[in-house]
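Architecture at a glance
So you can see what is in the structure, the chains are spelled out below.
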Amino acid sequence: MRLKNVPGSREAIAQSRFVIHDPQEHKGKWEEVFGRSAPLHIEIGMGKGRFLMELAALHPEIDYIGIEKYSSVLLRAIQKMEENELPNVRFIRMDAEELTEVFGTGEADRIYLNFSDPWPKDRHAKRRLPSRQFLDRYARILKPEGTIEFKTDNRALFDFALGELEPAGWHAEEVTFDLHVDERLMQENVMTEYEERFSSAGNPICKYIIRRIGPEA
C-alpha cells in the first residue's frame, strides 16, 4: 500500500537538494544536472527508492532519476539519500504523463517500471504504465536503441503489457513469467521492496525487457 498523508512531506521535499524542483527547465540538458556525460536511466514510480539506489551504487558510471508522484513515498527515498548520499541519483516528484515535458528526444537510455499500479478497470487501461499510450511517451524520450524493463507480480497486468507491444511498435527481447527461477536473468537482478515481499510469499515475478522495432524489422 502507498503511504499517505505524512505530515510535512511536501515541505521536506521542497527543501531537499536531492529533488529537482524545476525539471522542465532541464529538458534536453540533464547532463548539466549531473555535471558529466553519462547514460541516463529513469525509474517511473520508484516508491521508497531501494531499487534505484542499489542500482546506482552498483553502477556509478550511470546517472539515475527516480520519478514518484506521491510525496509521502518520495520522502522515504530522500531520507535514505540523507543516510547514504549517491552523486548519481536525483528525484523528481511528478506524474508520468509529464515525461515528454521534462526529458528531450532520445535523452534516456533505459526506463524501469517496477510493480506499477495495475489500474484493473478496463476504462483505466490507458493509465497503466505499460500501456501503448505510455509506450509512445517512452519512445519519444528514449534513444533509438533504448530499452524498458518491467517487473510485476500481477499476471493480468503482464499479459496486458505483452499485448500492447506489437500495436505500439515494440518487441520483447526477454520475457519470463517466473523471474526468480531464471538463473540467467537473476544474475544481475536488483529487487524492490515489493518484489522481496511478493516473492517471499510465493508469488511468481514476471519480467520483460523490450526495445522498439527498428525500420529493418
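Placed above this text is the structure.
The paragraphs below set out a description of the structure included in this document. Just so it is clear, the model here is predicted, and its values are computed rather than measured.

1. Observations concerning the packing of aromatic side chains
Scanning the entire structure with this criterion turns up nine aromatic pairs. Arranged with centres 5.9 Å apart and planes meeting at 40°, the rings of F158 and Y208 form a pair that is tilted. You can see F158 sitting in helix α7 (residues 155–168) and its partner Y208 sitting in strand β7 (residues 206–212), a full 50 residues away along the chain. Assigned by exposure class, F158 and Y208 land together as buried. Site record: aromatic cluster; members linked through ring pairs are F150, F158, F177 and Y208. For R137, the ring lying beneath its charged end belongs to F134, and the centroid distance is 4.5 Å.

2. Here we look at the sheet that holds β7
A sheet is described by the order of its strands in space; here seven strands give the open sequence β3-β2-β1-β4-β5-β7-β6, paired in mixed fashion. The two strands at the open ends of the sheet, each matched to only one other strand, are β3 (89–93) and β6 (170–176). The sheet shows a mean angle of 20° between the axes of neighbouring strands, direction not considered. Relative to the sheet, helix α6 (residues 132–141) contacts β1 (40–44), β4 (108–114), β5 (142–152), β6 and β7, its axis offset from that of β5 by approximately 140°.

3. Brief notes about the environment of E85
Its place among the elements puts E85 in the loop between α4 (71–83) and β3. E85 sits in the partly exposed class, given a relative accessible area of 40%. Between the alpha carbons of E85 and N114 there is a distance of 22 Å; along the sequence they are 29 residues apart. With residues up to four places along the chain from it excluded, the contact list for E85 reads R17 and F18. There is a polar contact of 2.9 Å between the side chain of E85 and the side chain of R17.

Calculation criteria
- Residues numbered from 1 in each chain as written.
- Predicted model: local features only at pLDDT ≥ 70, side-chain atom pairs only at ≥ 80, totals over all residues.
- Heavy atoms only, no water.
- Phe/Tyr/Trp six-rings, centres within 6.5 Å; stacked < 30°, edge-to-face > 60°.
- Helix = DSSP H or I, 4+ residues; strand = E, 2+ residues; numbered from the N terminus.
- Buried < 20%, exposed > 50% of the residue type's maximum accessible area, 1.4 Å probe, protein only.
- Lys NZ or Arg CZ within 6 Å of the ring centre and 35° of its normal.
- Pairing = 2+ DSSP bridges.
- Axes fitted to C-alpha atoms, helices over the stretch in contact; angles between N-to-C directions.
- Contact = heavy atoms within 4.5 Å.
- Polar contact = N/O pair within 3.5 Å; in protein donor to acceptor, adjacent residues only side chain to side chain.

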